[in-house]
Amino acid sequence: MHGWINLRCSSHQRDTSRGAGLLGTGLLCLFGALSLAPSDANADVKGKTLSGKLTYDRVPQTLDNGLNYSATVPKPIRNVRVALVEDKGKETNTGKELASTISGEDGSYSFAIPDAVTRVRVRAFAQTTSPALLVQDNANGNALYTLESAAITTTSTATVKNLNAASGWGGSYYSGVRAAAPFACLDTLYTAARAFALVRPSVKFPLLPINWSVDNRPESGDETIGQIGTSHYSSGSGGIFILGKEDVDTDEYDDHVMVHEWGHYFEDKVGRSDSIGGTHGGGDIIDPRVAFGEGWGNALSAMILYPDSKYKDSGGLSQATTTLVLDMEANGVNDPKPGWFSETSVMTLLYDIFDPANESFDGVALGLGPIYDVMTGGQKTTSAETTVFSFIKALKSLPGTSAATIAAIDTLTTKSHISPVKDEFGTGETNNGGNAANLPVYRPMTVDGASLTLTFLGSVDNINKLGANRYISFSKPVAGSLQVIASSSSDIGLTVLEKGKEVAHADETSSGTEQLSFDAKANTTYVLVVQGFVTGSSGQYTASVRITSGIAAAKLATADRKISATQRTTPSVPRKPS
Amino acid sequence: MKFKMPTPATALVVGLILSATAARVQAAPEGKPQAPVEIAATVQVQKATLKLTFESAAEQVNVRVYGVDGLTVVGTKSPVISGTFAAGQVMTLAVAYTPGPGTSNLAVQVDGQFDGKRRSKISSFTVEDGKAAKRLSSTISSRSATISVDGQGRRIAVLPAETK
């Protein structure tokens, strides 16, 4: 009888765990009953309970001196799976799970204890189900982090055990196990996902593995031993990697950094990012796809952690250095070259769209809902590349957007030195970033029309800068083969994209001549990105581009590529950043 | 070339400034925002050659090198103080150290004003002393999670809870 009661409890828990977790109820269920094993059915429950709260140490950041361990506060371990494990001495590590539940929003848990069981342990897994997150040790076989109590004797009717995951900080160094770190990672990204779920309840985020280890260090190499390069989102593995190396760089308490990387996950899994990645920084006149991706990540971190509008990163010896502060509200400050190509401009613009109308130029206060709608709607389906233009165009096109709101959005973009956005292609933009060759943003071309000459800036320091990338839009009224032929005095590459997806690519020689062909759909807008590879030089160079119908030349081009591939010297820019 | 080193003598204490030249920079996978400087190293048992590539112009640059996990840097830990660098400029430094037992790490921290904004970047490099690994000392073990398997057969890293 108890088995049936418990089984029904478990089913209810599974059905409602998403909602229940959100409501903060840590409901009881006995998984042992699910198996209906005779021994479990005989476990006679007579009212003994074990309950308590789960917490972790949260170490706050400072604006100047990194982490402040003396201000550590306990925070609830929310929405994680908690298991009751029978303790049988040496067998404890493989002890049978007697029951399982989900911790509440306040970290609470509660179990009924089978009468015959007198020694148990409580395990809290660094794993949530809604949203699906888990924290694992990438440097230790992806082991799931699990907080475990010492053995608990349950001979009284009601036993209360509050369990804390400690930071491990010993006053001047980590002298103990850093149990809090995985739960800090989990809690921050749980907050991020929950923020969207609250405004758009139907949102579904796919499983996100968070890879954290005390060995995760800023060194390139083998991620399975902690050489992760830096904290980053990996589109290849679909996971986030977070630094954890003491005295070098740790990010488990740098919540803005965590959310920034989650922003890349968001774009990859439920939105879209056409960013080509690469190094970047404030003040760069950068490819607008990179500018949007990075500005989005920074702005999102402050949206999620509102009202903390200052992005902070800590590191160094004793984690006592604040290595970076980005103020979302400092429009125009530390943004020496504002515009559609500036990640700082994008960052402050997006944050102002979200936050209350609290500045003379900021009359927009849309919150997360419309931003989610744009990122999963117009920004995801745009025929252009994902830039601030496609975002603003989609935002202004949301149903119900008033003329006053559109005017306020125009005021905001103007503040960021971006002309009022007319379409996703940046038509009419007048800010050329100091060089006329940077405009128009997209150059329309006609199939079988005249050739087009593009001008590149050889002075860029990286191929992900604006001056090294030119964008062309084109379409064809009827389906058929197209070929693109480009020639330059310098090394270039070609990529044709349909809604951000690569349909053809040519980067086969360093001679400056590239050509490609593909089967074009009727009345479909394609984007051709012409990539220049000259950096650290002076002056400008040009490329001539033609788009023509036909297939014969395309076959010839294919043969040519096979020959010239052996001469390839320049790698292409990765399509998706990590 | 805008390269300027106000404290060359200091730099020479820690090692040798091998070169300061312009170089091509390739795009790389991105991570969190940090100073646009690439930090690379060729690591040997008792010395490393650092190569710093400044991808944006930088002023008031300080470079600090220090060891973790028992590695001790020989000489100054501040080979560059208030340096100025041009975009694309490369600086090479030699650093000497005594490695820690087994595996230890050399950390390199670059701070400066990049395009007028204060930014930092920290990188580290694994150093092996060439002897048998000694990382699993009792001290290290007491600070590490215990690997086990949970009731569902999943590999878990067990972290001890404080009871309150």
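Quick caveat: nothing in here was measured; it's all calculated off a predicted structure.

K.L.:
What should I look at first to understand the pattern of salt bridges in this one?
P.N.:
A pair can form between side chains of opposite charge whenever their charged atoms are brought close. Residues and elements named next belong to chain A. Here the structure, examined in full by the defined rule, presents 28 salt bridges over all chains. As a salt-bridge pair, Arg289 and Asp287 come within 2.7 Å of each other at their nearest N and O atoms. Using a relative accessible area of 3% as the deciding quantity, one classes Arg289 as buried. Exposure remark for Asp287: the relative accessible area of 0% places this residue in the buried category. We note a salt bridge from Asp327 to Lys310, for which the minimum N-O separation is 3.8 Å. Taken as a pair, Asp327 in strand 18 (residues 321-327) and Lys310 in strand 17 (residues 310-315) lie far apart in primary sequence, 17 residues in all. Residue classification places Lys310 among the partly exposed residues on the basis of a relative accessible area of 30%. Several salt bridges converge on common partners, so that one network encompasses Asp87, Arg119, Arg121, Arg123 and Glu148.

K.L.:
Just checking my understanding: could you explain the confidence of the model for chain A for this structure?
P.N.:
The predicted coordinates should not be examined in detail at positions where pLDDT is low. All names here are of chain A. For chain A, the mean per-residue pLDDT works out to 88, and 86% of the residues sit at or above 70. Note on residues 1-43: pLDDT under 50 across the span, and 66 contacts to partners over four residues away in sequence or across chains. Contacts from residues 552-578, a stretch scored under 50 in pLDDT, to residues over four places away or in other chains number 51 contacts.

K.L.:
Please explain the pairing of strand 3 (residues 47-54) of chain B as it appears in this structure.
P.N.:
Residues in a regular strand project their side chains so that they alternate between the two faces of the sheet. Residues and elements named next belong to chain B. Bridging between strand 2 (residues 37-43) and strand 3 involves seven bridges; their strand directions are antiparallel. The residue bridging Glu38 from the neighbouring strand is Thr53, located in strand 3. As paired elements, strand 3 and strand 7 (residues 89-98) share seven bridges and run antiparallel to each other. In the sheet register, Leu50 faces strand 7, and the bridge partner there is Leu93.

K.L.:
Is there a simple way to think about the sheet that holds strand 27 (residues 540-549) of chain A in this case?
P.N.:
Sheet strands pair by backbone hydrogen bonding; their relative direction is either parallel or antiparallel. Residue and element names in this part refer to chain A. What the four strands build is an open sheet, ordered 20-27-22-25; its pairing is antiparallel. On the outer flanks of this sheet lie strand 20 (452-457) and strand 25 (513-520), each paired with one strand and no other. Looking at each pair of strands side by side, their axes are set apart by 20° on average, direction ignored. Across seven bridges, the pairing between strand 22 (residues 480-488) and strand 27 is antiparallel. Bridge pairing in strand 27 links Ala486 to Val545.

K.L.:
Explain unusual backbone geometry here, please?
P.N.:
For residues besides glycine, phi is generally negative; the peptide bonds are generally trans as well. Residue and element names in this part refer to chain A. At the junction of Ser130 and Pro131, the peptide bond is cis and its omega measures out at 5° in the coordinates. Within the element layout of this structure, Pro131 appears in the loop between strand 6 (119-129) and strand 7 (132-137). Put simply, Tyr306 and Pro307 share a cis peptide bond, and its omega is 10°. Considering the arrangement of structural elements, one finds Pro307 in the loop between helix 6 (288-304) and strand 17. Look at Asp247: it is not a glycine, yet its phi comes out positive at around 70°.

K.L.:
Could you clarify how one ought to interpret the sheet that holds strand 21 (residues 469-474) of chain A in this entry?
P.N.:
All names here are of chain A. The sheet built from five strands is open, its strands ordered 19-21-26-23-24 with mixed pairing. Bordering the open sheet on either side are strand 19 (442-444) and strand 24 (501-506), each of which pairs with just one other strand. Direction aside, the axes of adjacent strands within the sheet are offset by 25° on average. Bridge count between strand 23 (residues 492-498) and strand 26 (residues 526-532): six bridges; the pairing is antiparallel. Within strand 26, the residue paired with Gly493 across the bridge is Gln531.

K.L.:
Just checking my understanding: could you explain the interface of chain B and chain A for this structure?
P.N.:
Each partner contributes residues to the interface: chain B has 54 residues there, and chain A has 83 residues. Between the two partners, chain B and chain A, sit five salt bridges. One salt bridge in this structure joins Asp249 of chain A and Lys32 of chain B, with 2.8 Å as the shortest N-O distance. The element that contributes the greatest number of residues to the side of chain B that touches chain A is strand 9 (residues 117-128) of chain B, accounting for nine residues. Residues belonging to the side of chain B that touches chain A are distributed by class as follows: 21 nonpolar, 17 polar and 16 charged. In the sheet, strand 8 (residues 143-148) of chain A pairs with strand 11 (residues 155-160) of chain B via five bridges, with the strands oriented parallel. Considered in strand 11 of chain B, the bridge of Glu148 of chain A is made with Pro160 of chain B.

K.L.:
Hey, could you run me through the nonpolar core in this one?
P.N.:
As a rule of thumb, nonpolar side chains are buried together in soluble globular proteins. Residue and element names in this part refer to chain A. Within the largest apolar cluster, 116 residues are counted, with the highest numbers of intra-cluster contacts made by Phe196, Trp262, Ile353 and Phe391. Residue contributions to this core peak at twelve residues, all from helix 4 (residues 180-199). Discounting residues that sit within four places of it in the chain, Ile353 has contacts with Val364, Ala365, Leu366, Gly367, Ile371, Phe391, Ile392, Leu395 and Leu412.

K.L.:
I keep staring at the domain arrangement of chain A and nothing clicks. Help me out?
P.N.:
It is common to report an interface's size as the accessible area lost on association of the parts. Residue and element names in this part refer to chain A. As assigned here, chain A comprises domain 1 (5-180), domain 2 (184-415) and domain 3 (438-565). The straight-line distance from the C-alpha centre of domain 2 to that of domain 3 is 30 Å. Of the residues lining the interface, 22 residues belong to domain 2; the matching set on domain 3 comes to 18 residues. Between domain 2 and domain 3 lies a buried interface of about 1,500 Å² when both sides are counted; carbon and sulfur atoms form 54% of it.

K.L.:
Explain helix 10 (residues 388-396) of chain A to me, please; I cannot follow it from the model alone.
P.N.:
Owing to its 3.6 residues per turn, the α-helix brings residues three or four apart onto one side. Residues and elements named next belong to chain A. Burial of helix 10 is extensive: eight of the nine residues sit out of reach of the surface. Looking at helix 10, one finds that the buried residues are Val388, Phe389, Ser390, Phe391, Ile392, Ala394, Leu395 and Lys396. Those residues of helix 10 hidden inside the fold are in contact with helix 6, helix 7 (343-354), helix 8 (368-376), helix 9 (378-381) and helix 11 (403-415).

K.L.:
Help me out: how do you make sense of the packing of helix 4 of chain A against helix 8 of chain A in this one?
P.N.:
In helix packing, the relevant descriptors are the interaxial angle and the interaxial distance, both defined with respect to the helix axes. All names here are of chain A. Relative orientation of the contacting elements helix 4 and helix 8 amounts to 95°, with a least axis distance of 9 Å. Between helix 4 and helix 8, the angle is such that the two are roughly perpendicular. The residues of helix 8 that touch helix 4, namely those facing Ala195, Phe196 and Val199, are Leu368, Gly369 and Tyr372.

Procedures and definitions
- Residues numbered from 1 in each chain as written.
- Chains lettered and ligands numbered in written order.
- Predicted model: local features only at pLDDT ≥ 70, side-chain atom pairs only at ≥ 80, totals over all residues.
- Heavy atoms only, no water.
- Salt bridge = Lys/Arg side-chain N within 4 Å of Asp/Glu carboxyl O.
- Buried < 20%, exposed > 50% of the residue type's maximum accessible area, 1.4 Å probe, protein only.
- Helix = DSSP H or I, 4+ residues; strand = E, 2+ residues; numbered from the N terminus.
- pLDDT = per-residue confidence, 0-100.
- Contact = heavy atoms within 4.5 Å.
- Pairing = 2+ DSSP bridges.
- Axes fitted to C-alpha atoms, helices over the stretch in contact; angles between N-to-C directions.
- Nonpolar A, V, L, I, M, F, W, Y, C, P; charged D, E, K, R; others polar.
- Core = buried A, V, L, I, M, F, W, Y, C linked by side-chain atoms within 4.5 Å.
- Domains from an automatic or database assignment.
- Buried area = accessible area lost by both parts, 1.4 Å probe.
- Parallel < 35°, antiparallel > 145°, perpendicular 65-115°, else oblique.

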